[in-house]
Amino acid sequence: MADPMPDIKSVARKALDWPARILFPPVCAGCRRHVSQPGVLCGACWPKLRLLERPWCPVMGTPFTHHMGEGFLSAEAIADPPPFERARAAVAYSGVARQMVQRLKYQDRTDLAPWMARWMLRAGAELIAEADVVVPVPLHWRRFFRRQFNQSAELARAVSQLGGLPFAPSAVRRVKLTRQQVGLERREREENVRAAFRVPDEAEIEIAGRRVLLIDDVYTTGATVRAVAKALKKGGAGTVDVLTFARVLPGDFRADESATI
């Protein structure tokens, strides 16, 4: 005879959820229209989300218009090889994806992080399968004190939990208070974050010889994740992969666009 307890527990949980759903009904992660469950997009927003799909550059993760052949690299990967091994992103940084990033980062919508991380797991499945530890791009302590949270750490925490990987939020530090990257040209961004990160001595054991999965919210020009990857490699990491929620695609970057992270 089947045990009735699982069904009773399920009904009880649903009953307890009803007051919360009435007081705080789930809303679209893009436009805040009411939806059936938390973390989903409404029918109007879903078509505005561009998921990044194969075929893509095996190093940079930038999508190709058609299959270019096994191992074919993008011009970016050839002209400026990165200090990390592979980069992947879940969505293109435009439309609804841009709104989600800005709400997470500037409007304290940390509740979006687990849902954004689910899309990141889809895009970075091969990276997660081979990773040893998850590390977020850090904030400087002064900026963290003002903001009270690090959006990259929120995403990294969710990725580590969903992927069953160790989470090392203190494996790398931002030792230089840098300017905001918004409004800076590519070379200015690189100079801004040069020598801005360091692996503290006590954290070297967490990454020594390991494959690190570095998490950030948006890959814009790559200046920040390149600087962090260099610091991790200098601190003893075996290899570094990069996984972000969104990616500014080549040709879309505009330094004067205030909405670009």
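The structure under discussion appears in the preceding block.
All of these numbers come straight from a predicted model, not from anything done at the bench.

Colleague: Lay out the overall build of the protein in plain terms, naming residues and giving numbers.
Modeller: Along the backbone of the protein there are ten helices and six strands. Within the protein, buried positions represent 49% of all 261 residues. Looking at the protein alone, contacts between residues at least 24 apart form 72% of all its contacts between residues at least 6 apart. Element-wise, carbon and sulfur atoms account for 54% of the exposed surface of the protein, whose accessible area totals about 13600 Å².

Colleague: Hey, could you go over the packing of helix H3 (residues 95–106) against helix H4 (residues 113–123) for me, with residue numbers and the actual values?
Modeller: For any two helices packed against each other, the geometry is given by the interaxial angle and the distance between the axes. Packing of H3 against H4 brings their axes to within 11 Å, and their N-to-C directions diverge by 135 degrees. In terms of orientation, H3 lies oblique with respect to H4. The element H3 and its partner H4 pack so that their crossing is left-handed. Contacts from Met100, Val101 and Leu104 in H3 reach Ala113, Met116 and Trp119 in H4.

Colleague: Give me the lowdown on the pattern of salt bridges, citing residues and values where you can.
Modeller: Inspection of the entire model under this criterion finds 16 salt bridges. A salt bridge links arginine 173 to glutamate 202, with the nearest nitrogen and oxygen atoms 2.7 Å apart. One end of the pair, arginine 173, is in strand S3 (residues 173–174); the other, glutamate 202, is in the loop between strand S4 (197–198) and helix H9 (204–207), with 29 residues separating them in the sequence. The class of arginine 173 is partly exposed, set by a relative accessible area of 41%. Since its relative accessible area comes to 53%, glutamate 202 is described here as exposed. Residues joined by salt bridges that share partners form a network here, namely Arg54, Glu85, Arg86, Arg88, Glu126, Glu130, Arg211 and Asp241.

Colleague: Any details on unusual backbone geometry? Residues and values, ideally.
Modeller: Here the bond from arginine 54 into proline 55 is cis, since omega is 5 degrees, no more than 30 degrees from zero. With a phi close to 60 degrees, alanine 195 is a non-glycine residue in the positive phi region. Within the secondary structure, alanine 195 sits in the loop between helix H8 (186–192) and S4. Note on alanine 195: relative accessible area 65%, which makes it exposed.

Colleague: I'd like a rundown of the layout of surface pockets, residues and numbers included.
Modeller: By volume, the largest pocket is sized at about 440 Å³. Lining the largest pocket are 19 residues; nearest its centre among them are Arg194, Ala195, Arg226, Ala227 and Lys230. Elements represented by at least two residues in the lining of the largest pocket include exactly H8, S4 and helix H10 (223–234). No other element matches H10, which puts six residues into the lining of the largest pocket.

Colleague: So what's going on with the packing of H4 against helix H7 (residues 151–163)? Residues and values would help.
Modeller: In the contact formed by H4 and H7, the axes pass within 8 Å of each other and the chain directions differ by 60 degrees. By the criterion of interaxial angle, the relationship of H4 to H7 is oblique. Here H4 runs over H7; the crossing is right-handed. Contacts between H4 and H7 involve Ala113, Pro114, Met116, Ala117, Arg118, Met120 and Leu121 from the first element and Glu154, Leu155, Ala158, Val159, Leu162 and Gly163 from the second. Taken together, the residues of the contact of H4 with H7 break down into ten nonpolar, one polar and two charged.

Colleague: So, the pairing of strand S6 (residues 239–247): which residues are in play, and what are the values?
Modeller: Among the nine residues of S6, eight are classified as buried, and the element is accordingly described as predominantly covered. In this structure, strand S5 (residues 211–219) lies alongside S6, joined through eight bridges in parallel fashion. Along S6, the bridge assignment pairs valine 212 with valine 240. Following the chain from S5 across H10 to the adjacent parallel S6, one finds a crossover that is right-handed.

Colleague: Can you explain the environment of arginine 247? Please cite residues and give values.
Modeller: By secondary structure assignment, the location of arginine 247 is in strand S6. On the accessibility criterion, arginine 247 (5% relative accessible area) is buried. Placed 155 residues apart in sequence, arginine 247 and alanine 92 show a C-alpha to C-alpha distance of 5.0 Å. Setting aside anything within four residues of it in sequence, one finds arginine 247 in contact with Leu52, Met60, Thr62, Glu76, Ala89, Val91, Ala92, Tyr93 and Tyr219.

So, how was this worked out
Residues numbered from 1 in each chain as written. Predicted model: local features only at pLDDT ≥ 70, side-chain atom pairs only at ≥ 80, totals over all residues. Heavy atoms only, no water. Helix = DSSP H or I, 4+ residues; strand = E, 2+ residues; numbered from the N terminus. Buried < 20%, exposed > 50% of the residue type's maximum accessible area, 1.4 Å probe, protein only. Contact = heavy atoms within 4.5 Å. Areas by Shrake-Rupley, 256 points an atom, 1.4 Å probe, with all protein chains shown as cover. Axes fitted to C-alpha atoms, helices over the stretch in contact; angles between N-to-C directions. Parallel < 35°, antiparallel > 145°, perpendicular 65-115°, else oblique. Left-handed = near helix turned anticlockwise from the far one by under 90°. Salt bridge = Lys/Arg side-chain N within 4 Å of Asp/Glu carboxyl O. 1 Å grid on protein atoms, 1.4 Å probe; cavity = no way out; pocket = protein on both sides within 12 Å on 5 of 7 lines; lining within 4 Å. Points joined across faces, edges and corners; volume = space filled by probe spheres on them. Nonpolar A, V, L, I, M, F, W, Y, C, P; charged D, E, K, R; others polar. Pairing = 2+ DSSP bridges. Right-handed = clockwise from strand over helix to strand, strands pointing away.

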